[in-house]
Amino acid sequence: MSRRFLIQLPVVADDLDIAARVARVIARSLSFHRLVECDEVTVVATDDDSAVRHAAFCPRHLPTGCRCLLRPDHDGPCSRRLPR
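Residues numbered from 1 in each chain as written. Predicted model: local features only at pLDDT ≥ 70, side-chain atom pairs only at ≥ 80, totals over all residues. Heavy atoms only, no water.

## Points about the side chain of Arg24
Rules: Here a strand is any run of E in DSSP of at least two residues, a helix any run of H or I of at least four, and the numbering for each starts at the N terminus. Residue exposure (1.4 Å probe, protein chains only): buried if accessible area is under 20% of the type maximum, exposed if over 50%, otherwise partly exposed. Charge convention: Lys and Arg are scored as positive, Asp and Glu as negative, and His as well as the terminal groups of each chain are ignored. Take a side-chain nitrogen of Lys or Arg and a carboxyl oxygen of Asp or Glu: if they are within 4 Å of each other, that pair is a salt bridge. Contact between two residues is taken to exist if any of their heavy atoms lie within 4.5 Å; hydrogens are not considered.
Here Arg24 shows up in helix α1 (residues 16-30). Asp73 is the oppositely charged side chain nearest to the buried, salt-bridge-free Arg24, at an N-O distance of 6.5 Å. Ignoring sequence-local partners within four residues, the contact set of Arg24 consists of Ala56, Phe57, Leu70, Arg71 and Pro72.

## Here's the deal with the nonpolar core
Inclusion rule: Take the buried residues of types Ala, Val, Leu, Ile, Met, Phe, Trp, Tyr and Cys, join any two whose side-chain atoms come within 4.5 Å, and each joined set is a nonpolar core.
Judged by nonpolar contacts, Ala19, Ala20, Ala23, Ala27, Cys38, Val41, Val43, Ala56, Phe57 and Leu69 together constitute the single largest core of 10 residues. Considering every element that reaches this core, the biggest residue donor is α1, with 4 residues. Excluding its chain neighbours within four sequence positions, the residues that come into contact with Phe57 are Arg24, Ala27, Arg28, Cys38, Val41, Cys68, Leu69, Leu70, Arg71 and Pro72.

Written out as structure tokens, the structure is:
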């Protein structure tokens, strides 16, 4: 098995909702590549407890085995695409 490396990209936002939205946009824009695992994208507060992580994506799996690419508290069915 080859080694794996994690890229951390610090992006600062003043609001958790905005930070999660930016994280989803960045991850979705790179999700065409198999190296990006969107289900692992989290937001961490730097000034509070950095051990507390907030998921950027829904934790549920689709019938295909892929993860949902919508926000964690979305309405309606899970999807790999944004609702129109």
